[in-house]
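# Overview (structure and organization)
Listed below, chain by chain, are the residues.
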Amino acid sequence: MKRRLHLYILLLSLGLPLITVAQTKSLSLNEALELAKDNNLSARSATAREKAAQGAYRMTNSVFLPGLSVSHTGVKTNDPLSTFGFKLKQEVVTQADFNPATLNDPDAIENYNTKIELQQPILNIDGLYARKAAKNQYEAMALKSSRARQQVRYEVKRAYFQVELAQSAVKVLQQSVRVAEEALKLTKDNEAQGFVKHADVLEASVRYEERLNQLSEAEDQKQAATEYLAHLLGMDLGTNIVLTDSMTRAPSLFSWNVDAAELEQRSDLKAIQKQIAAGEQMLRSEKMKFVPRLNAFGAYEWNDREILGMSASNYLVGASLTWDLFNGYKNLGSIQQASAQLDEAEYQYQDYLSQSEMQLNNAKRKLELRFQQIQSSKLSKEQAEESLRIRTNRFEQGLEKTTDLLMAEALASSKKLEYIQSIYNYKQAVFEMELLLEKDMNE
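Here's a quick rundown of the structure. Quick caveat, the model's predicted, so the values are computed rather than measured. (Residues numbered from 1 in each chain as written. Predicted model: local features only at pLDDT ≥ 70, side-chain atom pairs only at ≥ 80, totals over all residues. Heavy atoms only, no water.)

### What to know about the overall build of the protein chain
Looking only at helices and strands, the protein chain features 11 helices and 6 strands. Against the 2.2 N^0.38 benchmark of 22 Å for 443 residues, the protein chain shows a C-alpha radius of gyration of 39 Å, more extended than a compact globule. Its C-alpha atoms give the protein chain principal-axis dimensions of roughly 135 × 80 × 35 Å. Within the protein chain, the proportion of its 443 residues that are buried is 35%. Per element, the accessible surface of the protein chain, about 26,800 Å² overall, is 54% carbon and sulfur. Charged side chains in the protein chain number 54 positive and 58 negative. The centres of these two groups are separated by 4 Å. (Helix = DSSP H or I, 4+ residues; strand = E, 2+ residues; numbered from the N terminus. Rg over C-alpha atoms; globule rule 2.2 N^0.38 Å. Buried < 20%, exposed > 50% of the residue type's maximum accessible area, 1.4 Å probe, protein only. Areas by Shrake-Rupley, 256 points an atom, 1.4 Å probe, with all protein chains shown as cover. Lys, Arg positive; Asp, Glu negative; His and termini not counted. Charge placed at Lys NZ, Arg CZ, Asp CG, Glu CD.)

Shown next, in the form of structure tokens:
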């Protein structure tokens with residue numbers, strides 16, 4: 001039993017490191033983007049919609065490709081008309097079958113029919129325009145899918161550095177907790193020696209508890225940010241993601257000059273353009289329903305009293321010209337509807353383009369503002385750190401109160417977080433510009 005217990009312990013000790021490795025994932029930003037491209041559910045849904053639109057377009061091949069079907073039918077009847085007809089098809093009619101008594105009250109007959117039918121469209125102008133509309137719809141959906149993938153890249157970039165921001169906040173607050181803990185300990189020692197009052201100890205305890213609460217909140221935010229990134233990447237939410245890229249190095253200011261013509265090349269705007277083109281083709285298709293349609297057809301069949309028999313055969317070929325002259329204003333109503341939908345699509349495009357231009361202008365201004373905030377927050381951080389250093393030295397010499405030290409430390413921690421937050425905000429502004437222009441700008 002002891003040997004077996006030792007074996008179990010050994011296997012467990014060997015398995016634990018494997019479990020830990022399986023739950024930890026080191027990721028660079030590029031690796032995260034590649035994972036999202038393959039695993040993100042929103043991106044995969046967009047790809048599925050694109051394939052569905054492609055399938056709808058392929059269905060329109062029926063406008064010019066033939067339709068071929070094969071059937072085998074078996075029947076048994078004593079219906080006078082059908083019975084005589086089946087005998088004709090089976091080529092078994094005899095003189096006795098013309099007896100009035102036999103014609104009026106025939107015996108039941110079985111007939112097995114094998115048939116090949118071919119339908120060939122020749123001229124369906126409305127269908128040709130509908131096919132062009134379906135192609136434009138498919139191309140529009142492909143562009144929307146591309147835009148969805150761009151949106152996913154934007155979200156992954158934001159989430160990736162959101163995790164780093166949360167991790168940095170935890171580190172800063174951990175240091176703050178350590179400082180508050182040391183200050184509390186020193187204050188208690190001073191109280192024991194009669195140098196400070198008990199009120200100072202209480203105040204130091206309150207500051208220490210506040211830091212602990214802030215740290216707990218930061219750790220919750222870190223966990224939430226990590227889970228959101230894992231969700232975007234299609235990973236298990238319990239995965240411990242270790243970031244290998246950092247945003248802490250000083251960024252440089254980008255300057256982009258973009259005109260409206262370049263903005264219109266963005267995939268979502270081009271998708272709307274394709275939808276407008278599809279609307280134009282659908283309007284033409286509705287109008288072409290007043291034009292005659294020409295189709296050919298043919299069939300070859302075998303009839304026999306036995307299953308799959310082919311003792312007698314015949315064929316049929318022909319063509320049909322159909323022209324719907326009036327169908328209760330259905331065509332006219334369809335034309336009116338297609339025309340109105342086309343107008344609506346054009347108005348929506350102009351509105352969306354105007355909104356996109358406003359978003360781009362706002363993003364440019366935000367980019368400059370965020371960069372300026374980095375400079376100001378950096379100066380504030382350096383000043384707060386210097387003030388904390390001076391007060392710490394004075395505190396160690398007994399020349400500064402615990403309250404003043406903790407307030408200086410809280411201010412320094414706050415300014416550190418503000419500085420990191422300003423870099424993150426600038427990164428988000430850059431990512432927003434990349435999304436609006438569909439360009440990756442490597443810093």
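### Description of the packing of aromatic side chains
For the structure on display, the rule yields 7 aromatic pairs. Aromatic side chains Tyr57 and Tyr138 sit 6.2 Å apart centroid to centroid with 5° between the ring planes, which places their arrangement in the stacked category. Placement of Tyr57 in helix α3 (residues 41-59) and of Tyr138 in helix α6 (residues 125-192) is noted, with a sequence separation of 81 residues between them. Here Tyr160 and Phe161 contribute two aromatic rings whose centre-to-centre distance is 5.3 Å and whose plane-to-plane angle is 80°, an arrangement assigned as edge-to-face. For the pair Tyr160 and Phe161, a shared accessibility class is recorded, and that class is buried. Ring pairing ties together the aromatic residues Tyr160, Phe161 and Phe431, which thus form one cluster. Above the plane of the ring of Tyr419 lies Lys381, whose end atom (NZ or CZ) is 5.3 Å from the centre. (Phe/Tyr/Trp six-rings, centres within 6.5 Å; stacked < 30°, edge-to-face > 60°. Lys NZ or Arg CZ within 6 Å of the ring centre and 35° of its normal.)

### Examining the pairing of strand β4 (residues 240-243)
Burial along β4 is one-sided: the residues Ile241 and Leu243 are buried and none of Asn240 and Val242 is. Relative to β4, strand β1 (residues 24-27) runs parallel, the two being bridged by 4 bridges. Within β4, the residue paired with Ser26 across the bridge is Val242. (Pairing = 2+ DSSP bridges.)

### What about the nonpolar core?
Formed by 53 residues in total, the largest nonpolar core has its most connected members in Val156, Tyr160, Phe161, Leu229, Leu233, Ile241 and Met247. Of all the secondary-structure elements, those providing two or more residues to this core are α2 (29-39), α6, α7 (198-232), β4, α9 (267-287), α10 (330-396) and α11 (402-437). Examining the composition of this core, we find that 12 residues originate from one element, α11, more than from any other. Apart from residues no more than four positions distant in its own chain, Leu233 is found in contact with Leu27, Ala32, Leu35, Ala36, Asn39 and Val156. Formed by 12 residues, the second largest nonpolar core is a distinct cluster that contains Val170, Ala183, Leu184 and Tyr208. (Core = buried A, V, L, I, M, F, W, Y, C linked by side-chain atoms within 4.5 Å. Contact = heavy atoms within 4.5 Å.)

### Topic: the pattern of salt bridges
Evaluated as defined, the whole model comprises 21 salt bridges. With its nearest N and O atoms 3.9 Å apart, the salt bridge here joins Arg211 to Glu210. A relative accessible area of 4% places Arg211 in the buried class. Here Glu286 ties to Lys289 by a salt bridge, and the two come within 3.2 Å at their closest N and O atoms. Using a relative accessible area of 10% as the deciding quantity, one classes Glu286 as buried. Connected via shared salt-bridge partners are Glu203, Arg207, Glu210, Arg211 and Glu409. (Salt bridge = Lys/Arg side-chain N within 4 Å of Asp/Glu carboxyl O.)

### Looking at the packing of α9 against α10
Axis angle and axis distance: for two packed helices, these are the angle between their axes and the distance between the axes, and together they describe the pair. Remark: α9 packs on α10, axes separated minimally by 9 Å, with the N-to-C direction vectors making an angle of 165°. It follows from the interaxial angle that α9 and α10 lie roughly antiparallel. The handedness of the crossing between α9 and α10 is left-handed. Counted together, Asp268, Leu269, Ile272, Gln273, Ile276, Gly279, Glu280, Leu283, Glu286 and Lys287 of α9 and Ser334, Ile335, Ala338, Ser339, Leu342, Ala345, Glu346, Tyr349, Tyr352, Leu353 and Ser356 of α10 form the full contact between these two elements. For the contact of α9 with α10, the per-class residue count stands at 11 nonpolar, 5 polar and 5 charged. (Axes fitted to C-alpha atoms, helices over the stretch in contact; angles between N-to-C directions. Parallel < 35°, antiparallel > 145°, perpendicular 65-115°, else oblique. Left-handed = near helix turned anticlockwise from the far one by under 90°. Nonpolar A, V, L, I, M, F, W, Y, C, P; charged D, E, K, R; others polar.)

### Overview of the side chain of Ser422
By secondary structure assignment, the location of Ser422 is in helix α11. Looking at Ser422, the relative accessible area reads 5%, which means it is buried. The residues touching Ser422, leaving out its near neighbours within four places in the chain, are Arg370, Gln373, Ile374 and Ser377.

### Regarding the packing of α10 against α11
Here α10 crosses α11 at 160°, and the two axes come no closer than 7 Å. Classed by the angle they form, the pair α10 and α11 counts as roughly antiparallel. Seen from above, α10 lies across α11 with left-handed handedness. Broken down by class, the residue content of the contact of α10 with α11 amounts to 20 nonpolar, 8 polar and 13 charged.

### Digging into α10
The terminal C-alpha atoms of α10, which comprises 67 residues, lie 92 Å apart, in line with the 99 Å expected from a rise of 1.5 Å per residue. Looking one or two places after α10, you find Gly398, whose phi comes out positive at around 80°. (Expected span 1.5 Å × (residues − 1).)

### Focus: the side chain of Thr226
Considering the arrangement of structural elements, one finds Thr226 in helix α7. At 2.9 Å, the side chain of Thr226 and the backbone oxygen of Lys222 are in polar contact. (Polar contact = N/O pair within 3.5 Å; in protein donor to acceptor, adjacent residues only side chain to side chain.)

### Considering a nonpolar patch on the surface
A contiguous nonpolar patch, built from Leu68, Val70, Ile116, Leu118, Tyr300, Tyr315 and Val317 and spanning about 740 Å² of accessible area, is present on the exposed surface. Of all the elements in the fold, those that place two or more residues in the nonpolar patch are β2 (67-77), β3 (109-123) and β6 (312-322). Assignment of secondary structure puts Ile116 in strand β3. Overall, Ile116 belongs to the partly exposed group, its relative accessible area being 33%. (Patch = residues over 30% accessible without salt bridge, like charges linked within 9 Å, V, L, I, M, F, W, Y side chains within 5 Å.)

### Structural notes on unusual backbone geometry
A positive phi angle, near 60°, is found at Glu91, a position not held by glycine. Along the chain, the position of Glu91 falls in the loop between α4 (80-90) and α5 (100-104). At Leu308, a residue that is not glycine, the phi angle is positive and equals roughly 60°. One can find Leu308 in the loop between β5 (293-304) and β6.

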